[in-house]
Amino acid sequence: MESLLAAAALAPTNAHSLSTLSAAFLRTNRPEESLEAAAAAAAVDPLSAVAHNNHGLLLAGLGRHEEAIKDAYVLGLRLEPRDAELLCNLATSTAELGELSSAATFFAAALDADPAHARAKTNLAAIQPFLQPPATLPATAPSAAGGEAPTDVPHSSAAATPSPRPAASARGPRAGQGMGRSTGKKGKGKGKGKRKSR
């Protein structure tokens, strides 16, 4: 560690030395110092997508996902728009902020760039059950007798209530409450059956 600190002091604008120092800090459980070195590496080498990705990972590791997106991943993706690792990390931080629909888009983009990206594939599958399905208008069928649409078709009020958005964590999204079951169609004239012939 002392040699790495000395090298960074002698060459404070050497991105490689700063990135190596950042990794060493992280291995010795010094995340704040690791972040500081990673931020310095990205600052002295702003054209390195890898440096921006490392900076973002350290911000995200400290729970600072908005900063990871704005100050790191977006900058890296401006340089390498189809970098699957950057896209996947952007998606992960986006999911941690609760924006699951956008996260799914970014995970899909990562898989488009690299179809074999295992983490993007696993995380996309994990959040898909929590995505709100698109709203659809009910089809109105004409009645068989008069050709007019029925006016007394019942509907479930429970089905109109969306399920709460699950919160994402490092272990994946937590299961949210499901949508209520439909109450079903209520028939009219219940209890009036045919009379038995005597």
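Residues numbered from 1 in each chain as written. Predicted model: local features only at pLDDT ≥ 70, side-chain atom pairs only at ≥ 80, totals over all residues. Heavy atoms only, no water.

### Focus: the overall build of the protein chain
Inclusion rule: We count a stretch as a helix when DSSP gives it H or I for four or more residues in a row; a strand needs E for two or more, and each element gets its number in order from the N terminus. Categorising residues by exposure relies on relative accessible area from a 1.4 Å probe, with only protein chains included: less than 20% of the type maximum marks a residue as buried, more than 50% marks it as exposed, and the intermediate range marks it as partly exposed. Any two residues whose heavy atoms approach within 4.5 Å at even a single point are treated as in contact. For accessible areas, the Shrake-Rupley method is used with a probe of radius 1.4 Å. Any residue's cover is judged against the shown protein chains and nothing else.
Assigned secondary structure in the protein chain consists of 8 helices and 0 strands. The helix and strand sequence of the protein chain, counted from the amino end, reads α-α-α-α-α-α-α-α. The buried share of the protein chain, taken over its 198 residues, is 28%. Within the protein chain, counting contacts between residues at least 6 apart in sequence, those at least 24 apart form 45% of the total. For the protein chain, the exposed surface amounts to about 13300 Å²; the carbon and sulfur share of it is 55%.

### A closer look at the environment of Ser48
Considering the arrangement of structural elements, one finds Ser48 in the loop between helix H3 (31-44) and helix H4 (49-61). Overall, the relative accessible area of 16% leaves Ser48 in the buried class. Each C-alpha atom, one on Ser48 and one on Leu79, is 7.8 Å from the other, the two residues being 31 residues apart in sequence.

### Comments concerning the nonpolar core
We count it as follows: Buried residues of nine kinds, namely Ala, Val, Leu, Ile, Met, Phe, Trp, Tyr and Cys, make up a nonpolar core once their side-chain atoms join them within 4.5 Å.
By size, the foremost hydrophobic cluster in this structure holds 25 residues, and its most contacted members are Tyr73, Phe107, Ala120 and Ile127. Counting only elements with at least two residues in this core, the list comes to H3, H4, helix H5 (65-79), helix H6 (84-96), helix H7 (100-113) and helix H8 (118-127). Apart from residues no more than four positions distant in its own chain, Ala120 is found in contact with Cys88, Phe107, Ala110 and Leu111.

### Quick word on the side chain of Ser93
For Ser93, the location among the structural elements is in helix H6. If we skip the residues at most four places from it in the chain, Ser93 touches Ala60, His65, Ala68, Ile69 and Tyr73.

### Structural notes on the packing of H4 against H5
Helix packing for two helices is described by the angle between their axes and how far apart those axes are. Let me state the cut-off plainly: Note on definitions: angles span 0 to 180 degrees between N-to-C directions of axes, and those axes are lines fitted to C-alpha atoms, for helices only across the stretch in contact. Roughly parallel means an angle under 35 degrees; roughly antiparallel, over 145; roughly perpendicular, 65 to 115; everything else is oblique. Should the near helix be turned counterclockwise from the far one by less than a right angle, the crossing is left-handed, whereas a clockwise turn marks it as right-handed. Under the grouping applied here, Gly and all other residues not named as nonpolar or charged are polar, the nonpolar ones being Ala, Val, Leu, Ile, Met, Phe, Trp, Tyr, Cys and Pro and the charged ones Asp, Glu, Lys and Arg.
Between H4 and H5, the shortest axis-to-axis distance is 8 Å and the interhelical angle comes to 165 degrees. By the angle class used here, H4 and H5 are roughly antiparallel. Classified by chirality, the crossing of H5 by H4 is left-handed. Residues Ala49, His52, Asn53, His55, Gly56, Leu57, Leu59 and Ala60 of H4 form the contact with H5, whose participating residues are His65, Glu67, Ala68, Asp71, Ala72, Tyr73, Leu75, Gly76 and Leu79. In the contact of H4 with H5, the residues fall into 9 nonpolar, 6 polar and 2 charged.

### Observations regarding the environment of Cys88
Among the secondary structure elements, Cys88 is positioned in helix H6. Under the relative-accessibility criterion, Cys88 is labelled buried at 0%. Sequence-wise, Cys88 and Leu124 are 36 residues apart; in three dimensions their C-alpha atoms are separated by 9.6 Å. Discounting residues that sit within four places of it in the chain, Cys88 has contacts with Phe107, Ala110, His117, Arg119 and Ala120.

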